[in-house]
Amino acid sequence: MWKSVVALLLLLVASPAAAQRLSGTVLPDRYALWFAPDLAKATFRGRAAIGVQLKSPATAITLHAAELDFVEATIDSGGTAQAARVTFDAKAETATLTVAQEVPAGPATIRITYNGILNDKLRGFYLSKANGRSYAVTQMEATDARRAFPSFDEPIYKATFEVSLMIDQGDTAISNGAQVSDAPGPEAGKHTVTFAATPKMSTYLVAMIVGDFVCRSGSADATPIRVCSTPDKLALTGFALEAAQQQLAFYNDYFGIRYPFGKLDILAIPDFAAGAMENVGAITFRERLLLVDQERASLGVRKNVASVISHEIAHQWFGNLVTMKWWDDIWLNEGFATWIASRPLAAWRPEWKVELDDAADTQSALGLDALRSTRAIRIHVETPDEINEVFDGIAYEKTAGVLRMIEGFVGQEAFRTGISSYLKKFAYGNAAGEDFWTEMTRVTSRPIDRILQSYVEQPGVPVLSVETKCTGTSNDINLAQARFVGTPGASAPQQTWTVPVCFKSTDGQPRCEVPDRPKQTFTANGCANVFANAEGRGYYFTEYTPPGVRALAGSVKGLKPVERISLLGDEWAMVRSGRHDIGVYLDLAASLAGDETAAITDAIASRIGFTLEYLVPTAQRARYEAWIRARFGPALTALGVPGSASDSDERQSRRAELLNLVALGGNDAALQARAKELAAQYMANPMSLPGTLAPTVLRIAAASGDAALYDRYVAQLEKLGGQPEEYYRFFNALPAFSDPALVQRTLKFAVSPAVRTQDTGQLIAGLLGQPRSRDAAWAFVQAEWPTLMKKLGTFQGIPGIIGALGSFCMRDTAAQVRQFFMKNPVPSAERTLQQAIERIENCAALVERQSSPLNAWIAAAR
Ligand SMILES: [Zn+2]
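My aim in this report is to walk through the structure given alongside it, one point at a time. (Residues numbered from 1 in each chain as written. Predicted model: local features only at pLDDT ≥ 70, side-chain atom pairs only at ≥ 80, totals over all residues. Heavy atoms only, no water.)

1. Some thoughts on the packing of helix 22 (residues 774-783) against helix 23 (residues 785-792)
At a minimum axis distance of 5 Å, the contact between helix 22 and helix 23 shows a crossing angle of 75°. Our classification of the angle between helix 22 and helix 23 gives roughly perpendicular. Along its contact with helix 22, which presents V781, Q782 and A783, the element helix 23 presents W785, P786 and L788. Grouping the amino acids of the contact of helix 22 with helix 23 by side-chain chemistry returns five nonpolar, one polar and no charged. (Axes fitted to C-alpha atoms, helices over the stretch in contact; angles between N-to-C directions. Helix = DSSP H or I, 4+ residues; strand = E, 2+ residues; numbered from the N terminus. Parallel < 35°, antiparallel > 145°, perpendicular 65-115°, else oblique. Contact = heavy atoms within 4.5 Å. Nonpolar A, V, L, I, M, F, W, Y, C, P; charged D, E, K, R; others polar.)

2. A closer look at the side chain of N430
Tracing the backbone shows N430 in strand 22 (residues 429-431). On the basis of relative accessibility, which here comes to 12%, the residue N430 falls in the buried class. A polar contact is formed between the side chain of N430 and the backbone oxygen of P155, at a distance of 3.1 Å. Residue contacts for N430: discarding those within four places in its chain leaves P155, I156, K158, T323, M324 and K325. (Buried < 20%, exposed > 50% of the residue type's maximum accessible area, 1.4 Å probe, protein only. Polar contact = N/O pair within 3.5 Å; in protein donor to acceptor, adjacent residues only side chain to side chain.)

3. Describing the packing of aromatic side chains
Under the defined criterion, the tally for this structure stands at 55 aromatic pairs. Between Y682 and F730, the ring centres sit 6.1 Å apart and the planes meet at 25°, which makes this aromatic pair stacked. With a gap of 48 residues between them, Y682 in helix 16 (residues 669-684) and F730 in helix 19 (residues 724-733) connect regions that are remote in the sequence. The exposure class of Y682 is buried, given its relative accessible area of 2%. Against the face of Y254 rests R416, its NZ or CZ located 5.2 Å from the ring centre. For R446, the ring lying beneath its charged end belongs to F409, and the centroid distance is 4.4 Å. (Phe/Tyr/Trp six-rings, centres within 6.5 Å; stacked < 30°, edge-to-face > 60°. Lys NZ or Arg CZ within 6 Å of the ring centre and 35° of its normal.)

4. Quick word on the nonpolar core
Counting residues in hydrophobic clusters, the biggest one holds 296 residues, and the most contacted among them are F149, F152 and Y713. In terms of residue count, helix 6 (residues 394-410) provides more of this core than any other element does, ten residues in total. (Core = buried A, V, L, I, M, F, W, Y, C linked by side-chain atoms within 4.5 Å.)

5. Thoughts on the pattern of salt bridges
Inspection of the entire model under this criterion finds 57 salt bridges. Note that R517 and D516 form a salt bridge whose closest N and O atoms lie 3.9 Å from each other. With relative accessibility at 47%, the residue R517 sits in the partly exposed group. By relative accessible area, which is 28% here, D516 ends up partly exposed. (Salt bridge = Lys/Arg side-chain N within 4 Å of Asp/Glu carboxyl O.)

6. Details of helix 21 (residues 757-768)
A large share of helix 21 lies buried, amounting to eleven of its twelve residues. Among the residues making up helix 21, those that are buried are T757, Q758, D759, T760, G761, Q762, L763, I764, A765, L767 and L768. In this structure, the buried residues of helix 21 make contact with strand 20 (282-286), helix 19, helix 20 (740-750), helix 22, helix 23 and helix 24 (798-804).

7. A short note on the sheet that holds strand 24 (residues 474-483)
One open sheet accounts for four strands, arranged 27-24-23-29; its pairing is mixed. On the outer flanks of this sheet lie strand 27 (519-525) and strand 29 (541-543), each paired with one strand and no other. Along the sheet, successive strands turn relative to each other by an average axial angle of 30°, direction set aside. (Pairing = 2+ DSSP bridges.)

8. A look at the side chain of R729
For R729, the location among the structural elements is in helix 19. Dropping the residues within four chain positions of it, R729 is found in contact with R296, A297, S298, Y682, G691, A694, P695 and L698.

9. Some remarks on the packing of helix 18 (residues 707-719) against helix 19
Relative orientation of the contacting elements helix 18 and helix 19 amounts to 150°, with a least axis distance of 9 Å. The orientation of helix 18 relative to helix 19 falls into the category roughly antiparallel. Once helix 18 is placed against helix 19, the crossing between them reads as left-handed. On helix 19, the residues that touch Y713, Q716 and L717 of helix 18 are Y727, F730, F731 and A733. For the contact of helix 18 with helix 19, the per-class residue count stands at six nonpolar, one polar and no charged. (Left-handed = near helix turned anticlockwise from the far one by under 90°.)

10. Observations regarding the pairing of strand 17 (residues 223-229)
In terms of residue burial, strand 17 counts as a mostly covered element, since five of its seven residues are buried. What sits between strand 16 (residues 214-220) and strand 17 in their antiparallel hairpin is a turn of two residues, with D221 showing a positive phi close to 45°. Of the strand pairs in this sheet, strand 17 and strand 18 (residues 264-269) are connected by four bridges, and their pairing is parallel. The residue of strand 18 that forms the bridge with V227 is I266. Taking the sense of rotation as the criterion, the β-α-β connection linking strand 17, helix 1 (residues 238-255) and strand 18 turns out left-handed. (Right-handed = clockwise from strand over helix to strand, strands pointing away.)

11. Quick notes on the sheet that holds strand 26 (residues 511-513)
Reading across the sheet, the three strands line up as 26-25-28 and stay open at both edges, with antiparallel pairing between neighbours. In this open sheet, the two edge strands, each paired with only one partner strand, are strand 26 and strand 28 (530-531). Of the pairings in the sheet, the one linking strand 25 (residues 501-505) to strand 26 comprises three bridges and is antiparallel in character. Counterpart to V501 in the pairing with strand 26 is E513.

12. Considering the state of the cysteines
Enumeration over the complete set of coordinates arrives at four disulfides. Paired through a disulfide, C470 and C527 show a sulfur-sulfur distance of 1.9 Å. Taking the sign of the torsion about the S-S bond as the criterion, the disulfide between C470 and C527, at about 85°, is right-handed. In this pair, C470 sits in strand 23 (residues 462-470) while C527 sits in the loop between strand 27 and strand 28, placing the two residues 57 residues apart along the sequence. Covalent S-S linkage joins C809 and C843, the inter-sulfur distance amounting to 2.0 Å. Where C809 bonds to C843 through sulfur, the torsion about that S-S bond is close to -90°, and the disulfide is left-handed. (Disulfide = S-S within 2.5 Å.)

Below you can see the structure in the form of structure tokens.
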């Protein structure tokens, strides 16, 4: 699954959960499922025949079912059918079928006729609406297949699925298997579509999509591929098809295992809670993560769409072919799909430099892992709330970062051999973390098991403190490791990791060591500056001495762009944790103002903006703004605004980053006025601005925009429903309007029927992210809490809003947030809440620690 777009869902287990697992004495091997959705009434009828094996004789069988109304249930075995008495356990989401005569061990068939609802909560079998009609679609992961059909709804219970659907004449249906027949009836005005049986797979990967979807067809290595949308958006499917074809062929080759599920359909769904979902052979997406207008798309959207498709196709192997035994090991699905997603992209579009995006993702995971309330990659989860919480930055970006580190250490080819061997060994079955690292260790003969255990089973991230001592012809590198906690003055538990560390001298070749003790010494040839994260692949922070950082800044040309991103991240972490004064970072950032890599400008700009927002006192603000203009203005002037439309994507991205930094951070009135002119031109003619620059221009114009401009943005939203990317350019600019009356309009708009439920949380989180609307948005969240819970439910939107509360910076607010959620608990976002509170307290401590050094630095800055 691709997480919600709103924010990483990040979190802690509160109370011990009641066990809800099935007993494992009855094993399903085959489901035959029939569904008849009624789109007008938002209900469906279902029939399920489940072939099972009983390990021992029984008079009762328990399986999962939620919000299903059973009409009839029987258990057939040995040629006799017995009617079953059914009892439901709503809390455990199970149904127990009890029969009079004992069913012997061996094969049996459970038959259930039932009714269900097509809900409006975007989970299970649900109703989506667009273009004045309804659609019936599914989202089963993690534990919602039980809302569509009675099932053994745990990933270990793999079985084959034969699906058929009786639907309205004129509508089409898509499911996991290829369509094998389409016959009129049997009821009047209906036709029945039947799909081929699937290979063995888990229940959370079942998909059904019913409506008037239309598709663009292609293929890769003789596997048919279609990209489908509602009829009005078919023109926007070409980019996704091109990407999917390249990626499927790439993965066939990489894994050495041919795509295992026959056909591949990829669908844009009008209402969708997650970002995308890797259902076997029928991947579903939010429209904005799949549909691209190739003439007008920004680089960010093209990259994001290609990357999410790549992630979901990778899941067909990581997750669908080999599935985790239980949700504790969700990192085997999500971390692996995240890690490998950039591979086909790097081959397809080398100019995108996706390795820099990977480096930025590692930085975001490190930021989360610097909290005391982070979690280990593998933790025990039991309930649906706990399971839904672990689809977070730890499962995705941290795991991916750790895998990149290990891959760099053992080499790409050895790593690929290990991956392929692991997938072949567990194909069509299930695996746990141990299965992966045992196989990798065997294939590569390197200590992957020790490294992974230390990273998977303990929370947090190490900081490696590096001090070098020149002995004439060589350098003694003294290395100390400890757990890193990013709050000034905070203590950390004693922990050590087995870490592959690759050093390089700024004039030499990298060499790798695997320290596993609190203190160790290594030797390097020569006495040049030592950089302790060659290729930027290490999942750890490095602490240099302040003179060491200045020396590296002086020889920064000897570092690759990925390494510069890592160095900037390390130094920012030293500031956040109070180890270094902030001036060391700001000087390093200023030395990279002319760096031509957009990802580096991005890394610098976001932290300079953070400093302005939270740390610079009002009296020093004008001076700091002038420093931003003086340091970063010349690079922007050299690029020009809006500059040439034929500039490379890299130059366009860098221009957008610098424009945002200088116009808003530098408070440059002339650039703000220019952005307003460009926004007006863009609304009159969308071809007047390059797609990569347009979102930034719209947000800058909005920041000082009045009601008249706001009205024009809202009018654009009404006009652009058929063009997802451009719609969200205006939608995402709304939180930038800071006039208090306009903030209130955005809040009311967020909960109005004009905004899809899937997008409400994003808009409110956007307002919480802005200093001038933050208080109003928090007041609104508290006042309208029942409305929000009713509209969003606890699995979508709400965790994103709770996470966004972490952008406050006052201890009083942290206390308020804690109190509010004591009275209004959200079990699916317990850890998100703890992390948001820790972020607020961390920020408050940072202000106290850095205000005096920052004042002194600004006073001396030129
Ligand atoms: Zn995923």
